[in-house]
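A closer look at the structure
The chain contents come next:
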Amino acid sequence: QPTLDDPDDIVETVALLAIGITAGLLAESAQTAIVAARVRRRELAAMTNFLEHIGTNIPGEELARHASASILGLLDARECVWHPDYKGTASPVLKHDGTLNALRVGDWDEGGGILPGTIEIPVGYPPVEFGRFIVQTDRHANVSLEERRAAATIATTLARCIRP
């Protein structure tokens, strides 16, 4: 059995342990920063993809397709379909502030959470609503508050573009 009888061995062991813990914490911090940067790039790419088409003379349906593609990317979803004039609530609704009407506050932490299998994103601005995006999510994707808010903002912007 190994023993640490020599004081120098004890000091060396404690120093190596401290270095190992510090290196682990730094690696975790770096990984968190990399993930955050990736999320921000994805958010900006989705918003830019949609914003590039605003102000052009493309029809509302085509603009809705661009919005749908941007929302799809933001939420890591499987499908995002525009339903004009639909105002139902068959699924949880993503509100403009990024919250969902069917979830308790404790269901999400600061880093985000897993979306329900289907959500609806209203396209409009109070009290007017022009339709909704029905989104089939990937129930394994962690979606941040910022990503949810960006998706809701795309929907609101679409509403202003199709019926100012």
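Residues numbered from 1 in each chain as written. Predicted model: local features only at pLDDT ≥ 70, side-chain atom pairs only at ≥ 80, totals over all residues. Heavy atoms only, no water.

Spatial ordering of the open sheet is given by β1-β4-β3, a layout of 3 strands whose pairing is antiparallel. The open sheet has two edge strands, β1 (77-84) and β3 (118-125), and neither has a second partner. The sheet shows a mean angle of 20° between the axes of neighbouring strands, direction not considered. Note that β1 and strand β4 (residues 128-137) share 7 bridges and pair antiparallel. Looking across to β4, one finds that Pro84 is bridged to Gly131. (Pairing = 2+ DSSP bridges. Helix = DSSP H or I, 4+ residues; strand = E, 2+ residues; numbered from the N terminus. Axes fitted to C-alpha atoms, helices over the stretch in contact; angles between N-to-C directions.)

With that settled, the discussion passes to unusual backbone geometry. Of note in the backbone geometry, Asp76 takes a positive phi value of approximately 50° without being a glycine. If you trace the backbone, Asp76 turns up in the loop between α2 (60-74) and β1. Phi at Asp85 takes a positive value of approximately 70°, unusual for a residue other than glycine. Among the secondary structure elements, Asp85 is positioned in the loop between β1 and β2 (113-114). Judged by its relative accessible area of 53%, Asp85 falls in the exposed class. (Buried < 20%, exposed > 50% of the residue type's maximum accessible area, 1.4 Å probe, protein only.)

Right, let's get into the nonpolar core. The biggest cluster of nonpolar side chains holds 30 residues, and the ones touching the most others in it are Ile71, Leu75, Ile119, Ile121, Phe133, Val135 and Leu158. Put simply, the parts of the chain that give this core at least two residues each are α1 (7-51), α2, β1, β3, β4 and α3 (145-162). (Core = buried A, V, L, I, M, F, W, Y, C linked by side-chain atoms within 4.5 Å.)

Moving on, we get to α3. Look at α3: 26 Å from first C-alpha to last across 18 residues, which is about the 26 Å you get at 1.5 Å a residue. Regarding α3, the residues found buried are Glu147, Arg148, Ala150, Ala151, Ala152, Ile154, Ala155, Leu158 and Ala159. (Expected span 1.5 Å × (residues − 1).)

Together, Leu17, Ile21 and Leu25 line one region of the surface with nonpolar side chains, adding up to about 320 Å² of accessible area. The exposed category is assigned to Leu17, whose relative accessible area is 55%. (Patch = residues over 30% accessible without salt bridge, like charges linked within 9 Å, V, L, I, M, F, W, Y side chains within 5 Å. Areas by Shrake-Rupley, 256 points an atom, 1.4 Å probe, with all protein chains shown as cover. Salt bridge = Lys/Arg side-chain N within 4 Å of Asp/Glu carboxyl O.)

Let us now look at the pattern of salt bridges. Applying the stated rule across the entire model yields 2 salt bridges. Two residues, Arg132 and Glu120, come together in a salt bridge whose shortest N-O distance is 2.7 Å. Remark: Glu120 occurs in strand β3 and Arg132 occurs in strand β4; sequence separation between them is 12 residues. The burial state of Arg132 is the same as that of Glu120; both residues are buried. With its nearest N and O atoms 2.6 Å apart, the salt bridge here joins Glu129 to Arg132. Overall, the relative accessible area of 22% leaves Glu129 in the partly exposed class. Among the residues examined, Arg132 registers a relative accessible area of 6% and is labelled buried.

Coordinates in, geometry out; function isn't part of it.
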